[in-house]
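Tertiary structure, described
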Amino acid sequence: MDLHIQRALEAALQSYGEIAGVGVDGLSAQLSGVFEADVPYLEKVALLDEAFDDHPKLEELREIAFDLLLMNFFAADVEKLEGDYLESDEWEAIEDQTIDRGTEVLNLLLYLRECADEAIEPQLEDYLKEFLLVDEDEFQDEHRIYEPVIANQLLVDSSYDEIAEVAAKISQDTELAELFYPMMGFFYEQRPTAQDWEEYIAASINPAFDKAVYHLLVAYSR
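Quick look at the structure, then. Once a new chain begins, its residue numbering starts again from 1 and follows that chain's sequence as written. Totals for whole chains, interfaces and linings use all residues, but because this is a predicted model, local features are given only for residues with pLDDT of at least 70 and pairs of side-chain atoms are given and counted only at 80 or more. The side-chain figures draw on all heavy atoms in the structure; neither hydrogens nor water molecules are used.

Digging into helix α7 (residues 124–131)
To keep things clear, this is the line we draw: The classification of residues rests on relative accessible area computed with a 1.4 Å probe and restricted to protein chains. Under 20% of the type maximum is buried, over 50% is exposed, and intermediate values are partly exposed. The secondary structure listing takes helices from DSSP runs of H or I that are at least 4 residues long and strands from runs of E that are at least 2 residues long, numbered from the N terminus. Relevant arc is that of directions from the helix axis to the C-beta atoms, nothing else.
Where α7 is concerned, the buried positions are Leu124, Tyr127 and Leu128. All buried residues of α7 fall inside an arc of 90° around its axis, so they share one side.

In structure tokens:
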């Protein structure tokens, strides 16, 4: 299991459990076994779903955990496969079967990994324009998904309260509705202090989930 992924998963589970008042040790142990299992990727996905089926109080983190499982595949599992595996028909079939899974946390994690590789500081404008290419005609799906973020980029220079105020006005039908607050919170402050966490949680309308996602991003980028 990739160390960055392990830290991110533990941070998300512990943060969620602390605020929601739910035990996470059982799920944490199950997921560690899933991530480290020497089985095909789709079997890992099935095992991940079984783990969340066994812990329904943590259901809210299922798709976030899927993102981490896929990141772990890219970071660790794919090393055991042929060099062109991600270009193979087999992988294309897997992508087709899992196309509706996961969240935009995956793209942000991929961006953070690229930043670490290139030793650059993550920045929202860079993420949108250089990584997601939202200004390019052929990437208009990304532009549509990230429209609330694109329209509110100045929030990274504001406060958690102001970010939360805008987040509350985003339609729940929008793909980034749940992730807007933690995503913008991360780009606002990538190294939150204890005081920052207090302010962030106080402004949140879904504290357990919001802290889980934000803490995941912070832990992964360390």
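Description of the environment of Gly21
Looking at the secondary structure, you find Gly21 in the loop between α1 (3–20) and α2 (25–36). Between the alpha carbons of Gly21 and Glu130 there is a distance of 40 Å; along the sequence they are 109 residues apart.

Remarks on the layout of surface pockets
Put simply, the rule is: In this analysis, the protein atoms alone were mapped onto a 1 Å grid. Cavities are point sets where a 1.4 Å probe fits without being able to get out; pockets are open sets with protein on both sides within 12 Å along at least five of seven lines; lining residues have an atom within 4 Å of a point. Grid points are joined across faces, edges and corners, and a volume is the space filled by probe spheres set on the points. Just so you know the grouping, Ala, Val, Leu, Ile, Met, Phe, Trp, Tyr, Cys and Pro go in nonpolar, Asp, Glu, Lys and Arg go in charged, and all remaining residues, Gly too, go in polar.
One number sums up the size of the largest pocket: a volume of about 740 Å³. If you trace the largest pocket, you find 26 residues lining it, with Ile99, Arg101, Glu104, Leu106 and Asn107 closest to the centre. Those elements that place two or more of their residues in the lining of the largest pocket are α4 (62–75), α5 (89–97), α6 (105–118) and α8 (140–145). Its residues assigned to classes, the lining of the largest pocket shows 13 nonpolar, four polar and nine charged. Of the voids in this model, the second largest pocket is the one considered here, and its volume is about 310 Å³. Every residue lining the second largest pocket is counted, 17 residues in all, and those nearest its centre are Leu112, Ala116, Tyr220, Ser221 and Arg222. Contributing elements (two or more residues each) for the lining of the second largest pocket: α6 and α13 (207–220). It is α6 that provides the largest number of residues to the lining of the second largest pocket, a total of five residues. Of the residues contributing to the lining of the second largest pocket, the split by class is eight nonpolar, three polar and six charged.

Considerations on the nonpolar core
Which entries qualify depends on this criterion: For this analysis, a nonpolar core means a set of buried residues of the types Ala, Val, Leu, Ile, Met, Phe, Trp, Tyr and Cys, connected via side-chain atoms within 4.5 Å. When checking whether two residues touch, look at their non-hydrogen atoms; a contact exists if any pair is within 4.5 Å.
Counting 76 residues, the largest nonpolar core has Leu31, Phe35, Tyr41, Tyr146, Val149, Phe187 and Leu216 as the members making the most contacts within it. In this view, Val149 contacts Leu124, Leu128, Leu176, Phe180, Met183 and Met184; residues no more than four positions away in its chain are not counted.

Overview of the environment of Ala208
Topologically, Ala208 is positioned in helix α13. You can call Ala208 buried: its relative accessible area is 8%. Considered as a pair, Ala208 and Gly21 are 187 residues apart in the sequence and their alpha carbons are 9.1 Å apart. Dropping the residues within four chain positions of it, Ala208 is found in contact with Tyr16, Ile19 and Ala20.

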